[in-house]
Each structure stands twice: as C-alpha cells, then as structure tokens.
Amino acid sequence: MKRVNKIVAALLLASAWAGVQNAQAQGGLLAPMKSQWDQTRGLVTNMTEFIPEDKYDWKPTPEVRSFREQLSHLVGENYMLMSMAAGEPNPMPADKINALKTKAEIVQAMKDSYAYGEKVWAGMTEAKALEPLKMFGRDTVRAAALLGNIVDNMDHYGNLVVYVRSNGMVPPRSAPKPAAK
C-alpha cells in the first residue's frame, strides 16, 4: 500500500510540475487562471440569463437559498473577492445587492460584477498577484482571491445546475446543440 501511495504522490507531483511548466511557457500563472475565470464567467452569466423569473423564488428545501438568493450571493461574492484581489474597498454595498429583485436587475448586476472583475484582471500582473494579502484572517497572496473567485463561482454554478435540473430544465451548457449546416 505504501508503494501505491508513493507512486500516486509521484504522479501528482509530476502533474503539478507539468502544470507549472505549462503556465511558465504561457507567460506565468495568471494567463491560465484568467482563461478559467473567463470560462466560469460565461457559465454563470448564461445560467443567470437562462433561469426563468417565475422560478426565482424556488428553493429545493426551506433551509437553502432560492435561485434569487444564489444569484444575488454570487454578485456579492464577485465584488468581495475581486476587490480583495485589487486591494480596494468593495464597491458594492450589501444593501444594494439585497435590493435586487427582478431578473433584469440581477442579470445586469451579475454582468456588472464581472465587468468589475475584468477591470481587476486588467490591472493584475504576476508580481502584483504575489503581493501579500490578509484574506479571511489568513496571510496569503492576491492570487488566492482570484482563485477563490473562480472556485466560489464554480461551487455555486454546480448548485444552480442541480436547481435547474430539479425543475425539469436542462442547463444551457448541457443542452443539445443544433446540427452544423
């Protein structure tokens, strides 16, 4: 068993090293992170636009968030994590997020949160990404906030996929594509 663990550890290390080498070949760690952020932004934005407004207050059980609450939470998390990465105060107060009611307001707020994120990415350099940052009481670097934004978005996107499927709908990413002509 110890030999299997050593082999697995060696393979994981080799894979991680290959990832670092690939990132360096692409100009650093930020390029692949930004690419993943762009992909995640597309998934979340498409899902935000896809969910019918008459489902916004649906929740699978009383203890969890509704669609509206999930989406509003994502807007807030985008601003919070990206402002941490930028080293700026959060430009979106919680009361503004809590005031979002209609689908149109939430879709626009989501797009605006990603536009703010795009601004943060535009000002990010490899050196700035490695600057120290205090995040949730822990010492880290700015890149952790960028990565945290990606991870948080994917976590909530996964929740939204389950919510959509629980309502008999097929998420846009999984929907059949029209045949090419």
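Every chain is numbered independently, its residues counted from 1 as its sequence is written. Only residues with pLDDT of 70 or above have their local features reported here, since the model is predicted, and side-chain atom pairs are shown and tallied only from 80 upward, although totals for entire chains, interfaces and linings are computed over all residues. Hydrogens and water molecules were not included; the side-chain quantities draw on all heavy atoms of the structure.

Trainee: I'd like a description of the overall build of the protein chain, backed by residues and values.
Mentor: Per the secondary structure count, the protein chain includes seven helices and two strands. Reading the protein chain from its N terminus to its C terminus gives the helix and strand order α-α-α-α-α-α-β-β-α. Exposure is judged per residue with a 1.4 Å probe applied to protein chains only, and the accessible area is read against the type maximum: over 50% gives exposed, under 20% gives buried, and values in between give partly exposed. Within the protein chain, the proportion of its 181 residues that are buried is 38%. We call two residues in contact whenever any of their non-hydrogen atoms come within 4.5 Å of each other. Sequence-distant contacts, at least 24 apart, represent 73% of the contacts inside the protein chain between residues at least 6 apart. The helix and strand labels rest on DSSP assignments: H or I over at least four residues marks a helix, E over at least two residues marks a strand, and numbering proceeds from the N terminus.

Trainee: How would you summarise the pairing of strand S2 (residues 138-141) if you had to cite specific residues and measurements?
Mentor: Judged from the four bridges that link them, strand S1 (residues 132-135) and S2 form a sheet pairing that is antiparallel. Its bridge partner being in S2, Met135 is matched across the sheet by Arg138. Strands were regarded as paired on the criterion that DSSP finds at least two bridges between them.

Trainee: Explain the confidence of the model for the protein chain residue by residue, including any values.
Mentor: Confidence in the prediction for the protein chain averages 87 pLDDT; 84% of positions are at 70 or higher. One confidence number per residue, pLDDT, is output by the predictor and ranges from 0 to 100. Looking across the protein chain, the model is least confident in helix H1 (residues 2-25), with a mean pLDDT of 48, and most confident in helix H5 (residues 103-122), with 97. The low-confidence segment residues 8-21 (pLDDT under 50) makes zero contacts with residues lying over four places distant or belonging to another chain.

Trainee: Account for unusual backbone geometry, with residues named and values stated.
Mentor: Trans is the common state for peptide bonds, and a negative phi is the common state for residues other than glycine. We note that Phe136 has phi near 55 degrees; this positive angle belongs to a residue other than glycine. Summarising the element assignment, Phe136 is placed in the loop between S1 and S2.

Trainee: Tell me what's going on with the environment of Pro52, and back it up with residues and numbers.
Mentor: Its location among the elements puts Pro52 in the loop between helix H2 (30-50) and helix H3 (67-86). We classify Pro52 as partly exposed; its relative accessible area is 26%. For the pair formed by Pro52 and Lys103, sequence separation is 51 residues and the distance between their alpha carbons is 8.1 Å.

Trainee: Describe in detail the packing of H3 against helix H7 (residues 142-166), supporting the description with residues and values.
Mentor: Closest axis-to-axis distance for the H3/H7 pair is 8 Å, and the angle between their directions is 170 degrees. Compared by their axis directions, H3 and H7 come out roughly antiparallel. Contacts from Phe67, Gln70, Leu71, His73, Leu74, Glu77, Asn78, Leu81, Met82, Met84, Ala85 and Ala86 in H3 reach Arg142, Ala145, Leu146, Gly148, Asn149, Asp152, Asn153, His156, Asn159, Leu160, Tyr163 and Val164 in H7. Between N-to-C directions, angles cover 0 to 180 degrees, with each direction set by a line fitted to C-alpha atoms, over the stretch in contact for helices. In this scheme, roughly parallel covers angles under 35 degrees and roughly antiparallel covers those over 145, while 65 to 115 is roughly perpendicular and the rest are oblique.

Trainee: Describe H7, naming the residues involved and giving the relevant values.
Mentor: Residues spaced three or four apart along an α-helix face the same direction, because each turn holds 3.6 residues. Its 25 residues give H7 an end-to-end C-alpha distance of 37 Å, which sits within 8% of 36 Å, the value for a rise of 1.5 Å per residue. One or two steps after H7, the chain reaches Gly168, where phi turns positive at roughly 75 degrees. One less than the residue count of a helix, multiplied by 1.5 Å, gives the span that helix is expected to have.

Trainee: Hey, could you go over the nonpolar core for me, with residue numbers and the actual values?
Mentor: Grouped together as the largest cluster of nonpolar side chains are 43 residues, with contacts concentrated most on Ile51 and Leu146. Of all the secondary structure elements, the ones that give two or more residues to this core are H2, H3, H5, S1 and H7. The biggest single contributor to this core is H3, with 10 residues. Buried Ala, Val, Leu, Ile, Met, Phe, Trp, Tyr and Cys residues that are joined via side-chain atoms within 4.5 Å together make up what is termed a nonpolar core.

Trainee: Describe the pattern of salt bridges, naming the residues involved and giving the relevant values.
Mentor: Any Lys or Arg side-chain nitrogen located within 4 Å of an Asp or Glu carboxyl oxygen qualifies as a salt bridge. Within this structure, the stated rule accounts for 10 salt bridges. Asp38 is the partner of Arg41 in a salt bridge, and the nearest nitrogen-oxygen pair spans 3.0 Å. Of this pair, Arg41 and Asp38 both sit in helix H2, three residues apart, which is roughly one turn of the helix. Using a relative accessible area of 27% as the deciding quantity, one classes Asp38 as partly exposed. Two residues, Lys134 and Asp139, come together in a salt bridge whose shortest N-O distance is 2.9 Å. A relative accessible area of 64% places Asp139 in the exposed class.

Trainee: Give a detailed account of the packing of aromatic side chains, specifying residues and quantitative values.
Mentor: Between two aromatic rings, the relevant description is the distance of the centres plus the angle of the planes. What counts as a ring pair is set by centres within 6.5 Å for rings of Phe, Tyr and Trp (its six-membered ring), and what kind of pair is set by the plane angle: stacked under 30 degrees, edge-to-face over 60, tilted for all other angles. As enumerated under the stated definition, the model contains six aromatic pairs in all. Ring geometry for Trp37 and Tyr114: centres 5.7 Å apart, planes at 70 degrees, overall edge-to-face. Taken together, the residues Trp37 in helix H2 and Tyr114 in helix H5 connect sequence positions 77 residues apart. Both residues of the pair, Trp37 and Tyr114, count as buried. Among the aromatic residues, those joined into a ring-pair cluster are Trp37, Tyr114 and Trp121.

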